[in-house]
Amino acid sequence: MHSANTFDVAIAGAGPAGTSAAIRLALHGARVLLLEEKKFPRAKLCGEFISPECLAHFQQLGVIDQIIAAGATLLGETVFYSARGYQVAVPSEWFTSGATALGLSRSEMDQRLLERAKAVGVVVLENAHATGPLLEGDSVCGVNVKTSAGTSDYRARITIDATGRTRALARHFDRHHRRSSKRKRGLVAFKAHLENTRVTPGACEIYFYASGYGGLSGIEHGLSNLCFIVSASEVRRRGSDPDRVLQEVVMQNSRAAETLREARLRSPWLSVSLEGFGRKTLTPVNGLLTIGDAASFIDPFTGSGMLMALESGEVVAETIVSRPGILRDAQTVELIAEDYERRYTSRFASRLRVSGLLRRAAFVPYLAETAILFFGASTRLRRKLARATRHANQQKARASLS
Ligand SMILES: Cc1cc2nc3c(=O)[nH]c(=O)nc-3n(C[C@H](O)[C@H](O)[C@H](O)COP(=O)(O)OP(=O)(O)OC[C@H]3O[C@@H](n4cnc5c(N)ncnc54)[C@H](O)[C@@H]3O)c2cc1C
């Protein structure tokens, strides 16, 4: 008999990583607790470009019809524009033949996934802030949670940190946390929804400019999402005013100047500072696993962060259910970290390496220009590079909207 506060798996964070893991584990019969500090639906800073491989995940998770019904825009290609207007296109079908990318706000997408988690029996607590891990000896055995009613402890055999780049649980074990945050790149990201843009229908457009890049693409209700990254020093120089940063930095890109000239804001600006990219400590302590951005933050120009979140939810769920004794046998909990590290590395290491190399060009205008001209000249090379930012097996997966 289970007590009300005891679960097989406790997951903090209900972004795509947390809900993907929660739904898959619940469908395998696990008792799952999912904690989310916000009340959904909520806006989220993101480019809202949903890579075509995500459709296969939505199908497996049982939300594909709901996502399409929410009004997602079909995005057949991504077009990269250098500051001076050179362009290179990457068709969405290079990633998964027969599928298209989607544009949909995170408030809609995340809400659909959360509703599905509730429907398959996950115990969901919103407005529930995971304040820290519960410790038993040197292992994590659950999570402490703060709500408006007070604080509570929830015990679980496995605890998963899916809180995104904040790593709300894992960071308690990050010895170098203070030092690494001093070494941050000094970038700020902004996002807003716009009307009246001149983005090409069916395209996600990426603009490079001095000190960063941004993306513009259609979402639901005829709106566009504009999301961009700029160095913190450029932002400070403009009094941290997003409208000035847009006019004076982003619109230095000739294509952005054209598509955004008559655009009007339809949402407040969201902003967040970025503290670096790449892989973090995956399994910081016995009993605690990380997924999604809490595990690795892939560069946004790849348009694959949500895909990695959905996939890492799948990898963690597969790892847990592959050991039937996991929810009873303490030894299995110890072994699972090793197993998870192995599976995760085989799935993600290569694309994180490729993205890290491309990042060097993304923040240096003449390199971005050269890369666009170089890859523009060869469809074969371009296709190869685009696919290197994904997992090989994903490209074989098919998902159709019909
Ligand atoms: C500028 C920018 C543009 C991007 N554009 C794209 C794009 O176009 N396409 C794409 O695929 N990816 C994009 N990404 C990446 C994408 O947003 C992330 O990879 C994705 O959101 C990761 O999902 P996640 O579930 O790991 O984390 P998140 O989506 O960050 O979800 C984490 C959840 O945890 C909750 N949470 C946080 N702390 C706590 C706590 N203590 N207790 C309880 N809950 C908590 C949060 O409220 C949130 O709901 C972009 C990222 C940035 C920064």
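Presented here is a report on the structure given in the accompanying data block.

Parameters and conventions
- Residues numbered from 1 in each chain as written.
- Predicted model: local features only at pLDDT ≥ 70, side-chain atom pairs only at ≥ 80, totals over all residues.
- Heavy atoms only, no water.
- Buried < 20%, exposed > 50% of the residue type's maximum accessible area, 1.4 Å probe, protein only.
- Helix = DSSP H or I, 4+ residues; strand = E, 2+ residues; numbered from the N terminus.
- Pairing = 2+ DSSP bridges.
- Right-handed = clockwise from strand over helix to strand, strands pointing away.
- Near = heavy atom within 4 Å.
- Polar contact = N/O pair within 3.5 Å; in protein donor to acceptor, adjacent residues only side chain to side chain.
- Areas by Shrake-Rupley, 256 points an atom, 1.4 Å probe, with all protein chains shown as cover.
- Core = buried A, V, L, I, M, F, W, Y, C linked by side-chain atoms within 4.5 Å.
- Contact = heavy atoms within 4.5 Å.
- Phe/Tyr/Trp six-rings, centres within 6.5 Å; stacked < 30°, edge-to-face > 60°.
- Lys NZ or Arg CZ within 6 Å of the ring centre and 35° of its normal.
- Axes fitted to C-alpha atoms, helices over the stretch in contact; angles between N-to-C directions.
- Left-handed = near helix turned anticlockwise from the far one by under 90°.
- Parallel < 35°, antiparallel > 145°, perpendicular 65-115°, else oblique.

### Observations regarding the pairing of strand E1 (residues 6-12)
Among the 7 residues in E1, 6 count as buried, and that is most of the element. The pairing of E1 with strand E11 (residues 150-161) spans 6 bridges and is parallel. If you follow Phe7 over to E11, its bridge partner there is Ala156. For E1 and strand E2 (residues 32-35), the ladder comprises 4 bridges, and the chain directions are parallel. Looking at E2, one finds that Ile11 is bridged to Leu34. Note that the unit made of E1, helix H1 (residues 16-27) and E2 has a crossover that is right-handed.

### Looking at the site of the ligand
As a structural note, the neighbourhood of the ligand is formed by 37 residues, with Glu36, Lys44, Gly47, Arg106 and Asp293 the closest of them. Contact between the ligand and Gly305: an oxygen atom at 3.2 Å from a main-chain N or O atom of the residue. Relative to its unbound accessible area of 1000 Å², the ligand is 95% covered by the protein chains. For the shell around the ligand, the secondary-structure elements that each account for two or more residues are H1, strand E9 (129-136) and helix H9 (305-321). At 3 residues, H9 tops the list of elements feeding residues into the shell around the ligand.

### Side note on the pairing of E2
Here E2 shows a buried face lined by Val32 and Leu34 and a second buried face lined by Leu33 and Leu35. Where E2 and strand E8 (residues 123-125) come together, 3 bridges link them in parallel fashion. What sits directly across from Leu34, in E8, is Val124.

### As for helix H2 (residues 54-61)
Within H2, 6 of the 8 residues are buried, leaving the element largely enclosed by the surrounding structure. Those residues of H2 that fall on the buried side of the exposure criterion are Cys54, Leu55, Ala56, His57, Phe58 and Leu61. Gly62 sits one or two positions beyond H2 and adopts a positive phi of about 85°.

### Overview of the nonpolar core
Counting residues in hydrophobic clusters, the biggest one holds 57 residues, and the most contacted among them are Ile11 and Phe58. Of the residues forming this core, the biggest block, 9 residues, is contributed by H9. Ile11 has contacts with Gly18, Ala21, Ala22, Leu25, Val32, Leu33, Leu34, Leu35, Ile160 and Ala162, leaving out every residue within four places of it along the chain.

### A look at unusual backbone geometry
A cis amide bond links Phe40 to the next residue, Pro41, at an omega of -5°. You can see Pro41 is positioned in the loop between E2 and strand E3 (49-50). You will see that Asn127, though not glycine, has its phi angle at about 50°, which is positive. Inspection of the secondary structure puts Asn127 in the loop between E8 and E9. What makes Asn127 partly exposed here is its relative accessible area of 45%. The phi torsion at Ser211 lies on the positive side, around 75°, for a residue other than glycine. With respect to the helices and strands, Ser211 occurs in the loop between strand E13 (203-209) and strand E14 (212-218).

### Digging into the packing of aromatic side chains
Inspection of the entire model under this criterion finds 11 aromatic pairs. The interplanar angle of 65° and the centroid separation of 5.8 Å between the aromatic rings of Tyr340 and Tyr344 together place this pair among those described as edge-to-face. Here Tyr344 and Tyr340 lie together in helix H10 (residues 330-362), a separation of 4 residues that amounts to about one turn. Classification of Tyr340 by relative accessible area gives buried; the value is 0%. The structure contains a cluster of three or more aromatic residues connected by ring pairs, namely Phe80, Phe208, Tyr213 and Phe301. Here the guanidinium or amino end of Arg31 rests over the ring plane of Phe7, the centre of that ring lying 4.8 Å away. For Arg165, the ring lying beneath its charged end belongs to Phe297, and the centroid distance is 5.1 Å.

### A short note on the environment of Arg255
Relative to the elements of secondary structure, Arg255 occurs in helix H8 (residues 254-260). Separated by 225 residues in the primary sequence, Arg255 and Ala30 place their C-alpha atoms 50 Å from one another. A polar atom in the side chain of Arg255 sits 3.1 Å from the side chain of Thr200.

### A look at the sheet that holds strand E7 (residues 101-103)
Strand order in the open sheet formed by 3 strands is E3-E7-E4, with antiparallel pairing between adjacent strands. Of all the strands in the sheet, just E3 and strand E4 (73-75) have a single pairing partner and so form its edges.

### Description of the side chain of Arg42
As for its position among the elements, Arg42 is in the loop between E2 and E3. Here the side chain of Arg42 touches Asp110 through a polar contact of 2.9 Å, side chain to side chain. Beyond its immediate stretch of four places on either side in the chain, Arg42 contacts Gly15, Arg106, Ser107 and Asp110.

### Focus: the packing of H1 against H9
Close contact between H1 and H9 brings their axes to 7 Å; oriented N to C, the two are set at 30°. You can see that H1 and H9 cross each other, and the crossing is right-handed. Across the interface between the two elements, Pro16, Ala17, Ser20, Ala21, Arg24 and Leu25 from H1 touch Met306, Ala309, Leu310, Ser312, Gly313, Glu314, Val316, Ala317, Ile320 and Val321 from H9.

### A short note on the packing of H1 against helix H4 (residues 106-119)
Axis separation between H1 and H4 bottoms out at 9 Å; the angle between their running directions is 20°. The orientation of H1 relative to H4 falls into the category roughly parallel. Pair H1 / H4 crosses with left-handed handedness. In contact with Pro16, Thr19 and Ile23 of H1, H4 contributes Arg106, Met109, Asp110, Leu113, Leu114, Arg116 and Ala117.

These figures capture arrangement, not role.
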